[in-house]
Amino acid sequence: MPREPGRAPVWPASTHPLPSGDLAVGGIALAELADRFGTPCYLIDEDEVRARARAWRGALPEADIAYAGKAFLSRAMIRWIEEEGLHLDVCSVGELDLAAHAGFPTERIVLHGNAKSPVDLSTALRLGVGRVVIDGTGEIARLAALVPPGARQKVLIRVVPGVEAGAHAAVRTGMEGQKFGLPVAGGEAEEAIARVLGQPRLQLVGLHCHLGSQIASLSPYVTAVRRMTELLARVRDVHGVTFPELGLGGGFAIAYRDGEPAIDPAAYAERVPAELTARCAEYGLPVPRLSVEPGRWIAGPAGVALYRVLAVKKSGARVFVAVDGGMSDNPRPALYGARYTVRLVGRSSDAPAHTVTVVGRHCEAGDILAEEVPLPADVRPGDLLAVPAAGAYQLSMAAPYNLVGRPPLAAVSAGRARLLLRRETAEDLRSRDVGA
Ligand SMILES: Cc1ncc(COP(=O)(O)O)c(C=O)c1O
Ligand SMILES: N[C@@H](CCCC[NH3+])C(=O)O
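Because the structure is predicted, anything quoted here is derived from the model rather than measured.

## Here we look at the environment of aspartate 383
Tracing the sequence through the fold places aspartate 383 in the loop between strand S18 (368–376) and strand S19 (384–388). Look at aspartate 383 and you get buried, because its relative accessible area is 6%. At 2.7 Å, the side chain of aspartate 383 and the side chain of arginine 347 are in polar contact.

Printed below as a string of structure tokens:
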């Protein structure tokens, strides 16, 4: 959690060094965890997840905090989020099904998605999800047709406010010209609002926007509030309606490397709701109940990835340290040029640091986990490497490329570890092949 504004540690708060040179996370040595669960493996610190959920709840007690499950979901994660009083953002029938099976109260679920399938929509309605966020005009009649006679489904409309933010083009969603939401600028948002208001089986409770991901500054959120309230005032003037809710999405940056900026929920809570209150007063609008959707911010810093070094190789001027995982469990460097911290754990080393590139085991030259990072010069096969800030958009985006099964995940807390997701085996992979 940020202990000073704008900066955040990259390791879970429970992390501490051991005399052996190893690190302990959740009260257990990483070498011990690697022995027990094998490598590569992922760890998630339950107390860190809970503390991060509480940080948002505490900062914005009047708002709904919906954890964005796309960052990482498992039954235990869903239970922690539920127990901490958060809502849950899902974007597929798979996420919805897991949440429902884990006993998450469906009225606290919000369904997103730019291309919701008929099954996504019918399952959401059958399970009674609290909110569906309409992302396109075509979805309005499709959704309304599924609502049983006499019932009304609460919906929000996702609009594109024209705010550019986010760490990489692939994760920027606040501007026109990308696939999500309905642009305010071209009039599509207002047209959709009029259509939804004309659907007796849909109850429009608010507007929503999500600007992008890994956003390290508060100013895009402030600008979004201005654009959203301008739109709310126009809608009130044209249609005579105001809405009780406003969704401002997630996208809050975390630090992956020392010194990188992160969003502080307390700082967000100081600026964004104040802007909303001021703009609503200016337009004579009632202040809507805010919802925010942190994903990465809650799961990311609670996760640690552990890899075993398999090979060390010099090629030209570069030294490559190859490990037993790679882009199949962490595609983020390949997708977004994401940069990570890597640390030798399990033993101490007095060797001077040298710059290496940590690569995976996959058949692609772009299978890089960490470009140009310092590691002790005696790093060798058999060594254990740990990567912090690994809890979001890694296991959730993992795929068994080269038929390398996805790694296991264990939860750690107060000196205890338990398996949450088992390793995907060659047999798992073979057994889904039902052809020939
Ligand atoms: C609608 C919506 N809400 C919330 C999030 C969560 O984003 P982040 O994990 O960056 O907080 C996303 C993903 O960017 C999203 O699409
Ligand atoms: N997968 C992206 C974030 C996408 C956010 C989901 N809307 C990342 O790892 O940075």
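## Side note on the UniProt feature "binding site: substrate" (unreviewed entry) in the protein chain
What UniProt calls "binding site: substrate" (unreviewed entry) maps, in this numbering, to Arg296, Arg332, Tyr336, Glu364 and Tyr393. Spatial dispersion of the annotated residues is evident: they stretch over 98 residues in sequence, and the largest pairwise C-alpha distance comes to 26.8 Å. The residue arginine 296 is located in helix H10 (residues 296–299) in this model. By relative accessible area, arginine 296 is classed as buried at 5%. Every residue in contact with arginine 296, bar those within four places of it in the chain, is listed here: Ala71, Ser213, Gln214, Phe252, Ile254, Tyr256, Pro301, Arg332, Ala392 and Tyr393.

## Some remarks on the pairing of strand S17 (residues 353–359)
In the sheet, strand S15 (residues 318–323) pairs with S17 via three bridges, with the strands oriented parallel. Residue pairing for S17: valine 321 is matched across the bridge by valine 358. Two elements, S17 and S18, share six bridges in a ladder whose sense is antiparallel. Across the sheet, residue valine 358 finds its bridge partner in S18, namely alanine 370.

## Comments concerning the site of ligand 2
The environment of ligand 2 is formed by Lys70, Val171, Ser213, Arg296, Arg332, Tyr336, Tyr393 and Met397. Taking arginine 332, its side chain carries an N or O atom lying 2.5 Å from an oxygen atom of ligand 2. Between a nitrogen atom of ligand 2 and a side-chain N or O atom of tyrosine 336, the distance comes to 2.8 Å. Relative to its free-state accessible area of 310 Å², ligand 2 is covered by the protein chains to the extent of 82%.

## Looking at the nonpolar core
Counting 107 residues, the largest nonpolar core has Trp56, Tyr67, Met77, Ile157, Tyr268, Val358 and Leu385 as the members making the most contacts within it. By size, the runner-up hydrophobic cluster in this structure holds 22 residues, among which are Leu33, Ala34, Leu306 and Ala386.

## A look at the UniProt feature "domain: Orn/DAP/Arg decarboxylase 2 N-terminal" (unreviewed entry) in the protein chain
Taken from the UniProt record, the annotation "domain: Orn/DAP/Arg decarboxylase 2 N-terminal" (unreviewed entry) applies to residues 47–299. With 41% helix and 16% strand, residues 47–299 has end C-alpha atoms that lie 11 Å from one another.

## Some remarks on unusual backbone geometry
The omega torsion across threonine 39 and proline 40 is -10°, close enough to zero to call that bond cis. Relative to the helices and strands, proline 40 is located in the loop between helix H1 (30–37) and strand S4 (41–45). Here glutamine 214, not a glycine, exhibits a phi torsion of approximately 55°, which is positive. Structurally, the position occupied by glutamine 214 is in the loop between strand S11 (202–208) and helix H8 (219–239).

## Side note on the site of ligand 1
Residues in contact with ligand 1 amount to 15 residues; listed here are only the nearest, His210, Ser213, Glu293, Arg296 and Tyr393. Side-chain polar atom of aspartate 89 to a nitrogen atom of ligand 1: 3.3 Å apart, as the coordinates give it. For ligand 1, the protein covers 92% of the area, taking 390 Å² as the surface of the free molecule. Across the shell around ligand 1, the residue classes break down as four nonpolar, six polar and five charged.

## Remarks on the packing of H8 against helix H9 (residues 265–283)
Packing of H8 against H9 brings their axes to within 9 Å, and their N-to-C directions diverge by 25°. Here H9 runs roughly parallel to H8, going by the angle between their axes. Where H8 crosses over H9, the handedness of that crossing is right-handed. Taking contact as the criterion, the partners of Ser219, Tyr221, Val222, Val225, Arg226, Thr229, Glu230, Ala233 and Arg236 in H8 are, on H9, Tyr268, Arg271, Val272, Glu275, Leu276, Arg279, Cys280 and Tyr283. Its residues assigned to classes, the contact of H8 with H9 comprises nine nonpolar, two polar and six charged.

Quick notes on the rules
Residues numbered from 1 in each chain as written. Chains lettered and ligands numbered in written order. Predicted model: local features only at pLDDT ≥ 70, side-chain atom pairs only at ≥ 80, totals over all residues. Heavy atoms only, no water. Helix = DSSP H or I, 4+ residues; strand = E, 2+ residues; numbered from the N terminus. Buried < 20%, exposed > 50% of the residue type's maximum accessible area, 1.4 Å probe, protein only. Polar contact = N/O pair within 3.5 Å; in protein donor to acceptor, adjacent residues only side chain to side chain. UniProt positions renumbered as here; feature names shortened; annotations may be inferred. Contact = heavy atoms within 4.5 Å. Pairing = 2+ DSSP bridges. Near = heavy atom within 4 Å. Areas by Shrake-Rupley, 256 points an atom, 1.4 Å probe, with all protein chains shown as cover. Core = buried A, V, L, I, M, F, W, Y, C linked by side-chain atoms within 4.5 Å. Nonpolar A, V, L, I, M, F, W, Y, C, P; charged D, E, K, R; others polar. Axes fitted to C-alpha atoms, helices over the stretch in contact; angles between N-to-C directions. Parallel < 35°, antiparallel > 145°, perpendicular 65-115°, else oblique. Left-handed = near helix turned anticlockwise from the far one by under 90°.

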